[in-house]
Amino acid sequence: MRIVSVDELTRHLSGLKLSAQTHENPNAHPDHDPGPRVVVSGNMAVPWEGLECVDRALERYILHALNAPPGIPTREGVTAETCFVGAGMRKHPALSYVPSRLSLVPVLLERVIPADLVLLHCAPPRDGMLSLGIEVNILPAAIEGCRRRSGRIIAVINDQMPYTYGDAQIPESIIDLAIEVSRPLPTHAPLTPDEDSMTIGQRVAARVADGSTLQMGIGGVPDATLAALTGRTGLRVWTEMFSDGVLDLDRIGALDPHHPLTTSFLFGSQELYDWVDGNHRVRMMRTEHTNDPGLIAQQRLMVSVNTALEVDLFGQANASRINARIFSGFGGQTDFIVGAIHCPGGQSFIALRSWHPKADVSTIVPLLDEPVTSFQQSAIVTEQGVAELFGYSQQAQARHLIRDAAHPRVKDELWEEARELGLA
């Protein structure tokens, strides 16, 4: 690994003959060469100094990142490619969304859309090993696919990135060039859940037994669910990401102290980053490990909690699109629903408000107008109640959704629609 200045890195990238110009790109327009593919850490781990060098050096390139935050280059010549759309790409003028379950994105980056350059955000080395810190995710697969085609691996080494273990550790020897920075990581302050979120969280938590294994993301409902688990003991964590709610459970002794916390990325407060720094209990693993439904199914009493934009009377959930436009993506929802349902004693919940406050519409609808993100969950949970789905006939599922989960304002309409659909 050779440490260089920002100017040196920019000059190096400017003179680089990247192999994408001779590589068939399945997502390229036949009359347009989009340039080389650059895979970069996403979420709260974007290495901005390195990305600025890339953007100055390359006239055209494909930028691949998961859940990219605001700040991603939007100029002409930059194609924003992703399998999960974040706020930084949602309105990008050259968005290229590649539909994929999260567990399969590493397969794409290794075999189908390999990178020409991978840009990493790392903690300083210890004993010859760098650490990917708070974001492992798809990066190991991207590195392997890139090296297989003689691409370049660039690191931004930040002394404020927490040092984490598991698949986060990578040898210094695989890094071609690196720059050093000292920049605080972006933080996400936990919000106080509103009344509906607290009610939903309490309903989900009531279904979680001592010794269960948890998967839940970030937001009001997951935070409220974790807050309602304060009386539990022996809880475990196997998830694609976690935030400060897990730290709170650890403080009160609700977690199994002898079992590792397995995740693929995380973000939250500075206190959370300080807690994971050098913490061997936290195992940062690659996506194809955390999101493997077969491995998820092997966990003890697996409980998966996800959310959606809307659910229809067939139990189909849309968590990805609004008015046919991609809003996020499949993410790991399908991976964890399948894994949890296959787990002995496992449960999978879709938790959402029964009424969307901004759109002023019911989130329980007769039939989805949008593509389906997931289906066949254990139950749908709203502030109105818990609608049991798994193992029930389609008529019973619809009855439970209307009776137990839908907002009172739309129940009569939903019963009428259910009759039209042969569900009542």
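Here's what I pulled together on the structure shown here. (Residues numbered from 1 in each chain as written. Predicted model: local features only at pLDDT ≥ 70, side-chain atom pairs only at ≥ 80, totals over all residues. Heavy atoms only, no water.)

With respect to the sheet that holds strand β26 (residues 364-365)
For step 1, the next point in the chain: Here we have 3 strands laid out as an open sheet, ordered β20-β19-β26, and mixed in their pairing. Each end of this open sheet is capped by a strand with a single partner; those strands are β20 (317-318) and β26.
For step 2, the next point in the chain: Judged from the 2 bridges that link them, strand β19 (residues 310-312) and β26 form a sheet pairing that is parallel. Bridge pairing in β26 places aspartate 312 opposite valine 365. (Pairing = 2+ DSSP bridges. Helix = DSSP H or I, 4+ residues; strand = E, 2+ residues; numbered from the N terminus.)

Quick notes on the nonpolar core
For step 1, the next point in the chain: Val118, Leu120, Ile175, Leu214 and Phe242 are the most contacted members of the largest nonpolar core, which has 71 residues in total.
For step 2, the next point in the chain: Filtering out sequence-adjacent residues up to four positions away, phenylalanine 242 remains in contact with Val237, Leu261, Thr263, Phe265, Leu266, Phe267, Leu272, Trp275 and Val282.
For step 3, the next point in the chain: Among the nonpolar cores identified, the runner-up in size contains 31 residues, and Cys53, Val54, Met89 and Leu177 belong to it. (Core = buried A, V, L, I, M, F, W, Y, C linked by side-chain atoms within 4.5 Å. Buried < 20%, exposed > 50% of the residue type's maximum accessible area, 1.4 Å probe, protein only. Contact = heavy atoms within 4.5 Å.)

Some details on the pairing of strand β28 (residues 385-388)
For step 1, the next point in the chain: Bridging between strand β27 (residues 379-382) and β28 involves 4 bridges; their strand directions are antiparallel. From the neighbouring strand, valine 381 faces β28, where its bridge partner is valine 386.
For step 2, the next point in the chain: Here β27 hands over to β28 after 2 residues, the two strands then running antiparallel side by side.

Quick word on unusual backbone geometry
For step 1, the next point in the chain: The phi torsion at asparagine 43 lies on the positive side, around 50°, for a residue other than glycine.
For step 2, the next point in the chain: Locating asparagine 43 in the fold gives a position in the loop between β2 (37-40) and α2 (48-57).
For step 3, the next point in the chain: Positive phi outside glycine occurs at leucine 301, with the angle close to 45°.
For step 4, the next point in the chain: Take leucine 301: it is sitting in the loop between α10 (293-297) and β18 (302-306).

Points about the packing of helix α5 (residues 195-205) against helix α6 (residues 220-227)
The geometry of a pair of packed helices is captured by two quantities: the angle between their axes and the separation between those axes.
For step 1, the next point in the chain: Interhelical geometry of α5 versus α6 gives an angle of 50° and a closest axis separation of 7 Å. Judged on the interaxial angle alone, α6 and α5 are oblique. At the point where α5 passes α6, the crossing takes the right-handed sense. Taking contact as the criterion, the partners of Ser197, Met198, Ile200, Gly201, Val204 and Ala205 in α5 are, on α6, Gly220, Val221, Ala224 and Thr225.
For step 2, the next point in the chain: Residue composition of the contact of α5 with α6, by class: 6 nonpolar, 4 polar and no charged. (Axes fitted to C-alpha atoms, helices over the stretch in contact; angles between N-to-C directions. Parallel < 35°, antiparallel > 145°, perpendicular 65-115°, else oblique. Left-handed = near helix turned anticlockwise from the far one by under 90°. Nonpolar A, V, L, I, M, F, W, Y, C, P; charged D, E, K, R; others polar.)

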